[in-house]
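# Analysis of the macromolecular model
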Amino acid sequence: MEIIFMLSYFLFIALVIEISTIFLVLTGLNKEIARYQAISMLTNTGFTTDEAKLILDHPTRRRISTFLILFGAFSLAVIISIISTFLADDVRIIQMAVILAVVAVLFLFLKTKPVRKILEKKFESNLKDNYQLDELPIKDVLYLNEDDFLIDIPFYKESG
């Protein structure tokens, strides 16, 4: 019974990673980078890559990362307690199954297109309404599209 509970909890963690990945993608992050960073934050490992700057420079992504880091610490405590229950007979598989079902429904709900569109607009408006220009990521400040490009043109005192 303890093994089923532990496997259920690992499934729960996987769903949290996928939901966090969806949220990070909705903020404009690449899916592969988003998943790697979500796992890195959840496990408190590997969050020192150059891609971590993409998380730290964005206010909404910072909130998501705060949740993942705290949830990762909580999960470690839960996993340790699950292992310690191997010595006891009091496993709450019913409660875990209910929590797992609720998180799975949330995951499926977030995968629907209408919900994703609403959340993308919400995240975007949240950025524009609540943050000063210097707090926004440079991509959002300049409104860059994929077909835009920047050129660095130096100006000197002698320039005309």
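The shown structure was predicted, so the numbers you read here are calculated from the model rather than taken from an experiment.

Counted according to the given criterion, the structure contains 1 salt bridge. Across the pair arginine 35 and glutamate 18 runs a salt bridge, and its minimum N-O distance is 2.7 Å. Of this pair, arginine 35 sits in helix 2 (residues 31-43) while glutamate 18 sits in helix 1 (residues 2-26); the two residues are 17 residues apart in sequence, bridging distant segments of the chain. In this structure arginine 35 comes out as partly exposed when scored by relative accessible area, which is 28%. Note on glutamate 18: relative accessible area 23%, which makes it partly exposed.

Further remarks concern unusual backbone geometry. The backbone of asparagine 44 shows a phi angle near 55°, a positive value even though the residue is not glycine. Looking at where asparagine 44 falls in the secondary structure, it is placed in the loop between helix 2 and helix 3 (52-56).

Turning to the packing of aromatic side chains, a few remarks are in order. Geometry of an aromatic ring pair is reported as the spacing of the ring centres plus the angle between the planes. Under the defined criterion, the tally for this structure stands at 4 aromatic pairs. A ring pair is formed by phenylalanine 71 and phenylalanine 74, whose centres lie 6.1 Å apart and whose planes are at 40°; its orientation type is tilted. Pair noted here: phenylalanine 71 and phenylalanine 74 are both in helix 4 (residues 59-85), with a separation of 3 residues, about one helical turn. Taken together, Tyr9, Phe12, Phe67, Phe71 and Phe74 form an aromatic cluster joined through their ring pairs.

The rules we used
- Residues numbered from 1 in each chain as written.
- Predicted model: local features only at pLDDT ≥ 70, side-chain atom pairs only at ≥ 80, totals over all residues.
- Heavy atoms only, no water.
- Salt bridge = Lys/Arg side-chain N within 4 Å of Asp/Glu carboxyl O.
- Helix = DSSP H or I, 4+ residues; strand = E, 2+ residues; numbered from the N terminus.
- Buried < 20%, exposed > 50% of the residue type's maximum accessible area, 1.4 Å probe, protein only.
- Phe/Tyr/Trp six-rings, centres within 6.5 Å; stacked < 30°, edge-to-face > 60°.

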